[in-house]
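# Residue-level structure breakdown
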Amino acid sequence: METDVRRNPALLKLDLYCRGIRIDESCLLEGDGGRQILRTRAGLGSGVELILPGGLWTNVPVTETFAQSSPYVLHRDVRGYSIRRHGERGRVSGAGIQMKVPSAEHIARVALAPRPSWYDRKTSTGKTMTRVGTLQGTYLGIYPAKVCEYWVEKPKENCRFCSVGLNLGTDDADEKSVSEVMEVVRAAREESGITYVDFNTGHYEGDTYLDILEPYVRRVKAETGLLVGVQTPPHHDLTRYRKLREIGVNRVSFCFEIFDTEIFRRVCPGKNREYGLTRYLEAVRYCATLGSTGRGFEPWVSNGEIIAGLEPAQSSMAAIDWITAVGGIPTVCVFRPLVGTDMEGEAPPRTEDMVPIFRRLYQACMEKDLPIGVAPNVHVSLVLLPEECRWLMDDPHRYWWKELRLKAKAAAYRLKFERDVKRALAAHAA
Ligand code: SF4
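Attention here is on the structure that accompanies the text. As the structure is a prediction and not an experimental result, all values here were calculated from the model.

We now examine the overall build of the protein chain. Assigned secondary structure in the protein chain consists of 12 helices and 15 strands. The C-alpha atoms of the protein chain give 21 Å as radius of gyration, which agrees with the globular expectation for 430 residues (22 Å, within 12%). In terms of its C-alpha atoms, the protein chain occupies a principal-axis envelope of roughly 60 × 50 × 45 Å. Put simply, the protein chain has 430 residues, and 59% of those count as buried. Taking all contacts inside the protein chain whose residues are at least 6 apart in sequence as the whole, residues at least 24 apart take part in 74%. If you sum the accessible surface of the protein chain, you get close to 17000 Å²; carbon and sulfur atoms cover 53% of it.

Set out below in structure tokens:
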């Protein structure tokens, strides 16, 4: 593996997740068209949105305590933005990975993720558009309903790392109508070129989350043809996911976060009480079997989402192996001890311990021939994508023939996607 972060953007992305960045006073950020640093939605992101070399989008921790002592500093000069590193030289880890890091030196030229022109506009009901939906990387993320109920129970049973209940009502509007969401989706499609809309909910008593989301999904699919995903707890009635696939959903995601049952119970008390790890896993497995049914060439992915750094690396890798063995694709976040959460005092994981997990992510997806990196123009800032982890391989050409197949698949998907969008827009305009 290339261990110099100046030449390995995936390693740099990972190291920035684990160490954060300081912002030099030369930086204007929003004044230069960048995105505002928000407290997170959906529990994980909170930082500055940057585009690294190689076109890797990222969200780098800034506000958390550990970021204040980061060796990385974001600078601005006449040529734009760059990351410099102050302090330490190389570090050696228990995992045997030595990272070559120069002292006080230029690391990389970067770009600010552009702040969308529509963010500050109002919907026809008077809500600021960015309080209805925000771009995370290049896709639109929407949390359409009220706050996750684990946050309002007494005592609270929220996941210990989560900040969703800290944010709503400040950065985010509380509830959003289907029409308001459609106004924002249209603005984001026309002005930011989004291809994918992601709907996210927490837990609601009575499993109402899919009922809540269905009207949004139907309108987005019918009127724009964009790719749509939903991230909710696992519904008791798994056949509901067959129906979601029929109405055009392309991705379902189940965040069980932790594969170790005891740690899961401790860190996610609400999820453990209401669903249990087993039901999360069963939902990932069941939904993965739907890939070969129904709507022909309509893309469909079942994701199991975990947070690396909350359990031993071996356990995260076991989760990756389990998810890919049943045909699902893992989404692997890096634990970020967000300000204000129950875990804000914890240390972030070490990059060296994360590398084997993300390397395994790429390997496992390639071994199982999973369709990674085929959705058009989806860059994700909050996680290292499986295809980006190719940079962490000791032998990056090992799966070259499979990569060629994936490229062909991506080209075919893009054509179909562009056709679907044209059709939907024409039908809606008629
Ligand atoms: S289920 Fe857990 S992670 Fe998701 S919103 Fe609720 S408390 Fe946060």
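Another aspect to go through is the site of the ligand. Neighbouring the ligand are Tyr143, Cys148, Tyr150, Trp151, Asn158, Cys159, Cys162, Val164 and Lys271. Looking at the shell around the ligand, its residues break down into 7 nonpolar, 1 polar and 1 charged.

Note on placement: lysine 13 falls in helix H1 (residues 9-19). At a separation of 3.1 Å, a polar atom in the side chain of lysine 13 contacts the main-chain carbonyl oxygen of valine 380. Setting aside residues no more than four positions away along its own chain, lysine 13 makes contact with Leu52, Leu56, Trp57, Thr58, Val380, Ser381, Val383, Leu384 and Glu388.

Moving on, we come to the packing of helix H5 (residues 209-224) against helix H6 (residues 239-246). Look at H5 against H6: their axes get within 11 Å of each other, and the N-to-C directions meet at 10 degrees. Taken together, the axes of H5 and H6 lie roughly parallel to each other. Facing H5, whose interface residues are Leu210, Asp211, Glu214 and Arg218, H6 presents Arg240, Tyr241, Lys243 and Leu244. The residue makeup of the contact of H5 with H6, split by class, is 3 nonpolar, no polar and 5 charged.

Before going further, it helps to examine the sheet that holds strand S2 (residues 48-52). Each strand in a sheet pairs with its neighbour through backbone hydrogen bonds, running either in the same direction (parallel) or in the opposite one (antiparallel). Spatial ordering of the open sheet is given by S1-S4-S5-S8-S2-S3, a layout of 6 strands whose pairing is mixed. Taken across any chain shown, the strands that pair with only one partner, and hence form the sheet edges, are strand S1 (22-23) and strand S3 (56-60). Sitting on the sheet, H1 touches S2, S3, strand S4 (72-77), strand S5 (80-85) and strand S8 (105-112), and the angle it makes with S3 is about 10 degrees.

The next thing to look at is helix H4 (residues 178-192). With 15 residues, H4 should cover 21 Å at 1.5 Å per step; its first-to-last C-alpha distance of 20 Å lies within 8% of that length. All buried positions along H4 are accounted for by Val178, Glu180, Val181, Met182, Val184, Val185, Ala187 and Ala188. As for H4, its buried residues are in contact with strand S10 (139-142), strand S11 (196-200) and H5. Directly after H4, the chain includes glycine 193, whose backbone phi takes a positive value near 65 degrees.

Relative to the assigned elements, glycine 55 resides in the loop between S2 and S3. A residue is classified by how much of its surface remains accessible, and glycine 55, at 31% relative accessible area, is partly exposed.

A separate point is the pairing of S8. Successive residues of a regular strand alternate their side chains across the two faces of the sheet. Looking at chain direction, S2 and S8 are connected through 2 bridges and run antiparallel. Each residue of the ladder has a partner; that of isoleucine 51, found in S8, is alanine 111. Of the strand pairs in this sheet, S5 and S8 are connected by 5 bridges, and their pairing is antiparallel. The residue bridging arginine 84 from the neighbouring strand is histidine 106, located in S8.

Applying the stated criterion across every chain yields a total of 10 aromatic pairs. Between tryptophan 118 and tyrosine 119 the ring centres are 4.9 Å apart and the planes differ by 75 degrees, which places this aromatic pair in the edge-to-face class. With a relative accessible area of 0%, tryptophan 118 lands in the buried category. Since its relative accessible area comes to 4%, tyrosine 119 is described here as buried. Ring geometry for phenylalanine 199 against tyrosine 216: centres 5.7 Å apart, planes inclined by 45 degrees, an arrangement best described as tilted. Within this pair, whereas phenylalanine 199 is found in strand S11, its partner tyrosine 216 is found in helix H5, the two being separated by 17 residues in sequence. Using a relative accessible area of 7% as the deciding quantity, one classes tyrosine 216 as buried. Aromatic rings pair up to connect Tyr362, Tyr399, Trp400 and Trp401 into one cluster. Looking at arginine 85, its charged tip hangs above the ring of tyrosine 72, at a distance of 4.7 Å from the centre.

Criteria and thresholds
- Residues numbered from 1 in each chain as written.
- Predicted model: local features only at pLDDT ≥ 70, side-chain atom pairs only at ≥ 80, totals over all residues.
- Heavy atoms only, no water.
- Helix = DSSP H or I, 4+ residues; strand = E, 2+ residues; numbered from the N terminus.
- Rg over C-alpha atoms; globule rule 2.2 N^0.38 Å.
- Buried < 20%, exposed > 50% of the residue type's maximum accessible area, 1.4 Å probe, protein only.
- Contact = heavy atoms within 4.5 Å.
- Areas by Shrake-Rupley, 256 points an atom, 1.4 Å probe, with all protein chains shown as cover.
- Near = heavy atom within 4 Å.
- Nonpolar A, V, L, I, M, F, W, Y, C, P; charged D, E, K, R; others polar.
- Polar contact = N/O pair within 3.5 Å; in protein donor to acceptor, adjacent residues only side chain to side chain.
- Axes fitted to C-alpha atoms, helices over the stretch in contact; angles between N-to-C directions.
- Parallel < 35°, antiparallel > 145°, perpendicular 65-115°, else oblique.
- Pairing = 2+ DSSP bridges.
- Expected span 1.5 Å × (residues − 1).
- Phe/Tyr/Trp six-rings, centres within 6.5 Å; stacked < 30°, edge-to-face > 60°.
- Lys NZ or Arg CZ within 6 Å of the ring centre and 35° of its normal.

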